[in-house]
Every structure is written in C-alpha cells, then in structure tokens.
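Geometric and topological summary
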Number of protein chains: 2
Amino acid sequence: MTNIDAVLRHLDADFDGAVARLTEFLRIPSVSTDPARAGEVRRAAHWIADQLAALDFSVSLVETARHPTVIAQHPGTPGGLDGGVRDGVPPHILYYGHYDVQPPEPLEEWTTDPFDPTIIDGPHGKRIVARGAVDDKGQVMTFIEALRAWHAVHGGPPTRVTVLIEGEEEIGSANLAATLEAERDRLGADICVVSDTTGWDVDTPALTTRLRGMLYTELYVEGPGHDLHSGLYGGVAPNPLNALTRVLGRLHDDQGRVAIDGFYDDVRDPDPETLAAWAALPQDDEAVMAEIGADGLDGEQGVSRLERLWSRPTCDINGISGGYAGAGSKTVIPARASAKVSFRLVPDQDPDRILAAYKVFIAQTLPSACRWRLEVHSKSTGVEVDTGQPMMAAARAALEQVYGRPAAPIGCGGSIPVVGMMRRLLGIDTILMGFGLDDDRMHSPNEKFELRALANGARSHAAFLGKVAEGSGL
Amino acid sequence: MTNIDAVLRHLDADFDGAVARLTEFLRIPSVSTDPARAGEVRRAAHWIADQLAALDFSVSLVETARHPTVIAQHPGTPGGLDGGVRDGVPPHILYYGHYDVQPPEPLEEWTTDPFDPTIIDGPHGKRIVARGAVDDKGQVMTFIEALRAWHAVHGGPPTRVTVLIEGEEEIGSANLAATLEAERDRLGADICVVSDTTGWDVDTPALTTRLRGMLYTELYVEGPGHDLHSGLYGGVAPNPLNALTRVLGRLHDDQGRVAIDGFYDDVRDPDPETLAAWAALPQDDEAVMAEIGADGLDGEQGVSRLERLWSRPTCDINGISGGYAGAGSKTVIPARASAKVSFRLVPDQDPDRILAAYKVFIAQTLPSACRWRLEVHSKSTGVEVDTGQPMMAAARAALEQVYGRPAAPIGCGGSIPVVGMMRRLLGIDTILMGFGLDDDRMHSPNEKFELRALANGARSHAAFLGKVAEGSGL
C-alpha cells in the first residue's frame, strides 16, 4: 500500500469526524460585511487557527484594518514520503481559502436556520445545508482534512505547506494585498492551490482556468433636501428615483450588451483551443432554467451560455433602495436613492478604466438637477491560469485517481481576487481545484455542500500532496 | 354687531382652546396605510365624532371595508340668523375632511416626535409641528372650530350642515364611493366644502379651481426562483432589478415628457382666462428651489412651473426595493424586485385608459425572461371646479372679509378623490377653500401648520356660513 492509499483509507475511516468539524465551523456566523458580526468573524479565525495548530503547524493571526488573516506553516515530513527526502528542498504548496461568509438574507427563504447546519438527503446522497457550506467553509475543510489525515498517518504533510485563510473574501479582499506584501517572505511558495470553485458535476472533477474580475460600486443620488408630496411637487421637483433608474435602465442595449462607451474595448476572445474544449462540454440551457427556477435565460444575444459566463463581461444591479418601501402607497418624492451595481470583468479589462467609463456614463445620463456620488466597494481583475505549469500535472493525476475520470477544463464566472494578487504581488500561479456544484446555491438561501464532494475533495487534496512529493524528484 | 362679528370675536377669545384641541387630535397616530395602526385610526374617528356630538350634531360612525367614516348632521339654527329663517329650507353645506395621515417615515429626519405636537416660532409667528398638522387635521379643525363658535354664540350653525370625515384619503379613498352611494339621502347638499389645499401665501387667501387625479401602481418583477450568485449566473440568469429599471428608466423621454404611448391623448390645455390668471401670479422658481433644497427643478421642458404643476400630468417613482439593501456589498442576482409608480392625471385623462397604456409599455419594455404583475393601489380623476356656482360668491366674500384682500384663483397638483366622486355620484360641486402653505412639508418630515392659518381658516369658515345664510334669501 502506498503512503497515499493509507492516507485515503484514514480519511474514509474518519469521515464522520470531518462532518462534525465542518458542522462546528458552520455554526459561526462569520458575515464579514456586517459590522455587528465582527466578533463572530474573529471567532471563526481563531477556530481555523486552532485546527491547524493541532496538526503541528506554526500558526499566526495576522491583523488587518478589518478582519484577521490566518497564516499557518509546516516544513513537511520527509518520512511521510517513500524513501523520504534525503536532501534538497521539498516543494512548497500555499493553500488559500476564506472563513468569512455572505449575509444570509433573505432569511424568510431559508427552510432551516442558516447558522444551524442541517444534514438532509438529496439526489447525490447526504448534503449539509448552511450559509458558507460550499462558499467557502466546506471547501476549506477539504484540504484541512487532507492535512489532518497526512498528520495522523505520517506525522505531517509529505511536502512543505503554508495555509492562508482570510476573512474578507466576500467583501472584496480589501486588505489581502497588503498582507501578501507584508508576509512575502513566508509566502514564497511554488504554487497556490484554491478550493473555492466548482467541479463539472458530482462525478466529474474540473480544473478552472479562467476567472472573471469585478468592479462593485454604489451610486448615491440626491434631489430635494427632504421628502416631498408628489402631488404638490410632481413635475417640478427633481425625483432621485426617476433619475437613478434613468441611469440603471440604460446600462444595457437591446442586444443585452453593456451600453457604457468603451466597455468592450479590452475584451479579448479566448484562444480557439479553449473555445473548442468548452464547445465539447455538454450544455443544457433547459436544465439551467429549471435549476434556477426561471422562465428563460438572459444576457448577450448570439453568445453561448458558457461563453457569456466564462469569457464575457457583465453588469448586474445587486440592490436598490429609495422612497417608501412599506406596505400600501405613499405619494412621496424621496430626498435620495441609491443602487449597488457590479461589473464582472474579463482578463485585460482594467477595473479603473471601467470605473472611469461608468462615471462618464452617469454624468451624461443623470438629470442635472440631481447631485450624485459613486462609492467603490471592491475591484479585482480577471485571470487566465497558465495550464502548462508543472504542478497542474499533479493536480490532474490526483483528480483522475480519485474520480476515475479526467478533470474538465472550465471557466468560472465568479471572482477570486487572491488569484490575480498572487501572480501580481508574489509571482505565484494558482491551481483552482474546486468541489462545489452549480446547484449549491452559493450566496443564496439554503446554500448546501454535498457530503460526497467533501469526501472526494479531501481525498483529492491528499492525493495531490502525495503526487507533488513523489513528482518532486527529491 | 352682526351675528358673524360675534362669532369671529368668540373664535379669537377661544383660540388657545382651539390650539389645545388640535394638539390632542394630532397626538393620535392615525396612519391609514399601516395595518398595525388600525386601532389608532379608529381612535381618531371616535375623537372627531365626540367633537361634533358636543356641538349637538347627530353623529354616526359608518363602517367600511377598512377604516370608518364619520358623518354628523345639524339642521341649522334659524335663530342664529338676523331675523331668523321664518320658512323655507335653509341651504345645506357638506363639509369634507379626513382624519387619517401619511406615514411619518423617514423618522430620523424629524427634529421632534411626529406624534408629539410641538409649537415653535417661525417667520409667520407660531406654528405647530406634527404629522397631519396641515394634512388634514389642522384644516379639519378650521371648520370644526367655526361650527363650535356658531354653537357657542348662536346655539348652532346658521344653516343646515353635514360633516363627513373619512379615514382613507391618504390611501386613495378606496371605500368612499360606496359610502357616498349608501348615504346619498343624508348627503344631498347644495355644495361640498373642502379644506385640504393651500392658500397663495400666509396673507393671501386662495380658491383652488383645478385638482389633478392619480393612478397609483406597484410593479412586481420576478426572475429566478431564488437569489443567485452574480458571478456564477451573471450574464445568464434574468436579473429582475435590471429588468425593472429598464422599464422605469424609459418612462420619461429627453424632454421630460412621459414616454408611454398615448399618455397625452386626452390632455386639454386650460382656457385662456385661466392661463392668463396664472401668468399674472408672481412666480419665483429660485424661491421654490430654496424651499425644497434642490439644485434645480425638473419636469417638462418649455412649460412654466405652475402649468407643470396645475395642468400637466406627471409620473413619479415613489418607492423601489430589490436585492441587498444592507451595508457594504453582496454579489447577488435577486429573485424579485418591485416599484411603486404614481401618475398625476389632469381632467379628461381616464385612469383606466392610462393603466392599460402603462401595461402595454411594460410588456413591450420588460425582458421576456422575467415574470411581472401590476397592482393598482388607487385611481382618481382630475377635476375642474365650476367657478360660476353661486356659493363661490359667499366663499370669495368670506375670504376677502377675513384677509382684507381677494382670493387668488389657483390650481393644485395634488389629488382629492372626493371632489370627483361628489360630482359623479351625488351631483354636488365642491369649493376648495384651503389654508395650507407650500412650505408646510405635507407628507414630509417636520410637517407643520401656521397657527395664523388655523385662526384665519376658522374665521373664514365662520364668515362663509354666515354669508351663505344671509345670501340664501330665506
């Protein structure tokens, strides 16, 4: 039996323990965007730190302007490798994840308490339902359980490992860049591994090679100094809601394209091989409509769904408020209104250039009688992963061993700011090895994670570490 | 001394008592749109009923589907008229008002508790600050105090009087029509008198000859069955906020006109005399901008402010909600969004025809992937008052006697549904004799009523009753 097989067997034997630990982690309401939850966010950081300290990692809590980052390191246990490492430096793997979660709202749409994890049966076996189940606590636990198993069987991981878990991913990782630069000496790894994406389906693994970036803004519009009676002032006073929606309602043209001048200037099509690989993937728009419960799909006309998601930029209004939101009617012209608008960006699109173009669009569209200001909540660039990097081979091999089939090369419409930062600030490439499913309801009520995905994720990371060590040629 | 002079002197002597009674009335939070306040709304109805019972009116509380209507009647006291009424039927005056008020929100913008009336000094002397101060509790008390004075001095009003005070004006008077028809026998008056409008300024009375009608709607849009992650579904899932704002943002064209097809088909310009009378009124747009605290005014280009307000229809978004409204950012595509939109209509515009046109506009503008439905909160038609009616002469004479200057003929941008109903259902014309000021902050935080307006309003109604009786030729 190889060292890897023994670790995989230990993972299987201790799976109930893994589920219990994830449940405990999910009970902590670490909502990073909510100032009232700051204490709970910190509690989640300590919980992770304790987990890694128990595996003989040297752990430190690195403070930031807001929520702390956990950094833990292990030199590796050469004895854990066939023949051991006689000399030379073992490869250095940097695992990244985040312990913060999205707000659970709207609470009334949850069938169970978002912070009281519940295990229920589904088409793929048992699943755990809670805020953060898949994004990202469940996925963080896949590699922590892999490290735990290596520690239990061989005394530690077979190669050098650093784990960085931040608490601000759901609010744009505003302080992460500063942390990476301050900790650059400790973080100089050969590769970064992130589990915050999806597989292709529950039986088919995937390696994500593209991520979209994001520009998240909030537009505030002011008209009169106080609320007014719409009868006494309608047709005379500037209405901030009329003005705001005039801007928002013109953000898209009739073909579903973003109407901001210059928005597509730097958008580049993926290379033909990538497009061919995507085209080869089975696509079922009807299934997606059923999955999200919509009567139809939307977006740029004449572009396939996977391309719209993986290689095209978008604009979505994420929240809006203004005027009377209570029951019934109130004939008011409100003093102010605001809207949260986010842009998903593709590689080569510069968030600052898009921001400038959006401001020009607002200035040209908003009636002059209203005052406005734009706040930026977060900015990140899109990423294209170098699929030729050597560690990718170990990842492919690990996934194929665990799943019995090759990993699909996919894109991701979401944004993981750390990937761009790792390359820009530390010169480190990233492997995106994720185990979520499209129907995991990330950021939605009743978010879940398949227990089978938890098990296969942990097994995949355990095999990956072993193959990195074996393949390191030491 | 005439009977009228004695009544006016009594009003002056008892003015402190009038202010104390108004204060008591304003303490009742009779917010008709808020189901949680239903008990308080009913308490306000009982308070009014008690006031009139104390003046020897026969009072009844008429139940409706929601909030009760107070109807009180007095046959008139011939002895109160010089020489008395020897035979024949005295004229019958029907006073209309409402005891319900707008919601006080946003509460944080009030400098005092909206339901703890406060008297402060202002440029026109003392004023009372509270929700409902001018709309309509303070104005209702102007004619109730006039009736109280006639009762104190002459044992009752000099002519037959019926008072109807409803509790649903701020929510569109949905049940008033049914009440008018059911009570038609008791309500067959010669004229209806309403005090729910403004004077020209604190020293110049006004008679309102035009009112706008209203269509108040709420548009509900649904996309996916549950909230989605904007990264995993942006560019694929229909976003109800993108769809809703697409409709709202196109409601006005670049000239500030409503862009709904057919919206202006039935809009008729006022007669030249009316336009000339308005043009003769002093207009100061800068003063209005300062009054509402805005950097500019809005509305149809090339149309004067008073015409935009008094003779042109408008469209205002009064409230909107959807997505994440909390602090910070949330990358969500919401399942649903909604917007309250009201249209101010001019005489000859049919609310049902406008409603149908709005529905066509929505169907043509909203992306097909979204479901939608439209709820109607209220409907009323615009009104043009017959300025030639005989009772108008008594009103003009009364106002001129009290203020020492003639009343200005003005329009009102607001809607008072009862005026159209009175004519349509009972064939009764209405005199709109109001004592509010444009800066009374109707429907806004820190709503107020000038104590001088309360005094002059009560004096005007007292004089009006006397002149009606004198002029009745009985």
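Each remark here, short or long, concerns the structure printed above.
Note that the structure is a prediction, hence the values are computed from the model and not measured.

1. Quick word on the interface of chain A and chain B
Across the boundary between the two partners, chain A contributes 91 residues, which contact 90 residues of chain B. Between chain A and chain B lies a buried interface of about 7,600 Å² when both sides are counted; carbon and sulfur atoms form 49% of it. In this assembly, chain A and chain B are joined by 6 salt bridges. A salt bridge links Arg336 of chain A to Glu109 of chain B, with the shortest nitrogen-to-oxygen separation between them at 2.8 Å. The interface formed by chain A and chain B contains 61 residue pairs in polar contact (both at pLDDT 80 or more). The leading source of residues in the side of chain A that touches chain B is strand β11 (residues 314–323) of chain A, at 10 residues. Considering only residue class, the side of chain A that touches chain B consists of 33 nonpolar, 34 polar and 24 charged. Bridging between β11 of chain A and strand β11 (residues 314–323) of chain B involves 5 bridges; their strand directions are antiparallel. When the bridges of β11 of chain B are listed, Gly322 of chain A appears paired with Ile320 of chain B.

2. Regarding the relation of the copies chain A and chain B
Rotating chain A by 180° and translating it 0.0 Å along the rotation axis places it on chain B, where the RMSD comes to 0.1 Å. Between the two chains, the operation in question is that of a two-fold axis. Among all C-alpha atoms of chain A, that of Gly249 of chain A lies closest to the rotation axis, at 2.2 Å. When the interface residues of chain A are mapped onto chain B, 99% of them again fall at the interface, so both copies present the same face.

3. A short note on the environment of Ala237 of chain B
Among the secondary structure elements, Ala237 of chain B is positioned in the loop between α6 (230–233) and α7 (240–248). Put simply, Ala237 of chain B and Gly223 of chain B are 14 residues apart on the chain and 7.7 Å apart in space, counted from C-alpha to C-alpha. If sequence neighbours within four positions are ignored, Ala237 of chain B has contacts with Ile292 and Asp298 of chain A together with Leu228 and Ile333 of chain B.

4. Overview of the pattern of salt bridges
Where side chains of opposite charge bring their charged atoms close, a pairing between them can arise. Residue and element names in this part refer to chain A. For the structure shown, the criterion picks out 62 salt bridges over all chains. One salt bridge connects Arg21 with Glu145, and the closest N-O pair in it is separated by 2.8 Å. On the criterion of sequence distance, the pair formed by Arg21 in helix α2 (residues 15–26) and Glu145 in helix α4 (residues 133–154) is long-range, its members being 124 residues apart. As a salt-bridge pair, Arg371 and Glu222 come within 3.4 Å of each other at their nearest N and O atoms. Pair noted here: Arg371 is in strand β14 (residues 371–380) and Glu222 is in strand β9 (residues 213–222), with a separation of 149 residues, a long-range link. Relative accessible area serves as the criterion here: at 28%, Arg371 is assigned to the partly exposed category. Where salt bridges share partners, they join Arg127, Asp439, Asp440, Lys448 and Glu450 into one cluster.

Conventions and cut-offs
- Residues numbered from 1 in each chain as written.
- Chains lettered and ligands numbered in written order.
- Predicted model: local features only at pLDDT ≥ 70, side-chain atom pairs only at ≥ 80, totals over all residues.
- Heavy atoms only, no water.
- Contact = heavy atoms within 4.5 Å.
- Buried area = accessible area lost by both parts, 1.4 Å probe.
- Salt bridge = Lys/Arg side-chain N within 4 Å of Asp/Glu carboxyl O.
- Polar contact = N/O pair within 3.5 Å; in protein donor to acceptor, adjacent residues only side chain to side chain.
- Helix = DSSP H or I, 4+ residues; strand = E, 2+ residues; numbered from the N terminus.
- Nonpolar A, V, L, I, M, F, W, Y, C, P; charged D, E, K, R; others polar.
- Pairing = 2+ DSSP bridges.
- Least-squares fit on C-alpha atoms with pLDDT ≥ 70 in both.
- Buried < 20%, exposed > 50% of the residue type's maximum accessible area, 1.4 Å probe, protein only.

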